[in-house]
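Chain by chain, the residues run as shown.
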Amino acid sequence: MKKIFPAAFEKGSSAEKRLIAVSVILAVLFLAADQITKLGVMQNFVLYESVPVIDGILSWTYVRNRGAAWGILAGRTWLLLVVATAVFALMVKFFRYLTEGYAERIIALGLVMSGIIGNSIDRIWHGEVIDFIDVHYHNVWHYPVFNIADIAICTGVGIFILSSLLRPSAKDKEK
């Protein structure tokens, strides 16, 4: 019986190449969804306008974030772009080392890269990131507003962490 998650793919194998292609397609789809939804929000909402989707739980709220997560480093757009570029470049350079040929890690890094590109496009064109997904519980609890690029980054990081915890590293396999 085949495992749901196969053992690591061989470096340069056709299976690895197919998986990388799937990861790139998924990343492009997330990037397109991110940019299209942000454009729709900018064209159809006034800044800080909020429209309930699920009353008391979910709203579309147009805000702009001049920083990173939760507004950290607000106003330091160029620093955030430099960090994003460096992280992206390091992920590309050490792609095989980071993924160790595991399918879920390849997908995870594709998602993270997609999110980095999506938010970097905003920083370059608008000087800040466009956010609009507003999750809250009436007036009791409110999560910071986010976007699809943020979802891609968080999902990718989550998958990568789970894989790292549940899968043996190549060094562990050698022992």
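For the structure itself, look to the data block above.
Residues numbered from 1 in each chain as written. Predicted model: local features only at pLDDT ≥ 70, side-chain atom pairs only at ≥ 80, totals over all residues. Heavy atoms only, no water.

Student: How do you make sense of the pattern of salt bridges when you look at a structure like this?
Tutor: Pairing of side chains with opposite charge becomes possible as their charged atoms draw close. Applying the stated criterion across every chain, the model contains six salt bridges. As a salt-bridge pair, Arg64 and Glu128 come within 3.1 Å of each other at their nearest N and O atoms. Taken as a pair, Arg64 in strand 2 (residues 58–65) and Glu128 in the loop between helix 4 (103–126) and strand 3 (129–137) lie far apart in primary sequence, 64 residues in all. Take Glu128: its relative accessible area is 15%, and that puts it in the buried class. Linking Glu100 and Arg105 is a salt bridge whose minimum nitrogen-to-oxygen distance equals 2.6 Å. (Salt bridge = Lys/Arg side-chain N within 4 Å of Asp/Glu carboxyl O. Helix = DSSP H or I, 4+ residues; strand = E, 2+ residues; numbered from the N terminus. Buried < 20%, exposed > 50% of the residue type's maximum accessible area, 1.4 Å probe, protein only.)

Student: Looking at this model, I keep getting lost on the sheet that holds strand 2. Mind explaining?
Tutor: Across a sheet, paired strands are connected by hydrogen bonds in the backbone, their directions being either parallel or antiparallel. Sheet architecture is open: four strands sit in the order 1-2-3-4, paired in antiparallel fashion. Looking along the sheet, the strands with just one partner apiece sit at the ends: strand 1 (50–54) and strand 4 (141–142). Here strand 2 runs beside strand 3; their pairing, made up of six bridges, is antiparallel. Across the sheet, Val63 pairs through a bridge with Asp131, a residue of strand 3. Across the face of the sheet, helix 1 (residues 14–44) comes into contact with strand 2 and strand 3 while running at roughly 85° to strand 3. (Pairing = 2+ DSSP bridges. Contact = heavy atoms within 4.5 Å. Axes fitted to C-alpha atoms, helices over the stretch in contact; angles between N-to-C directions.)

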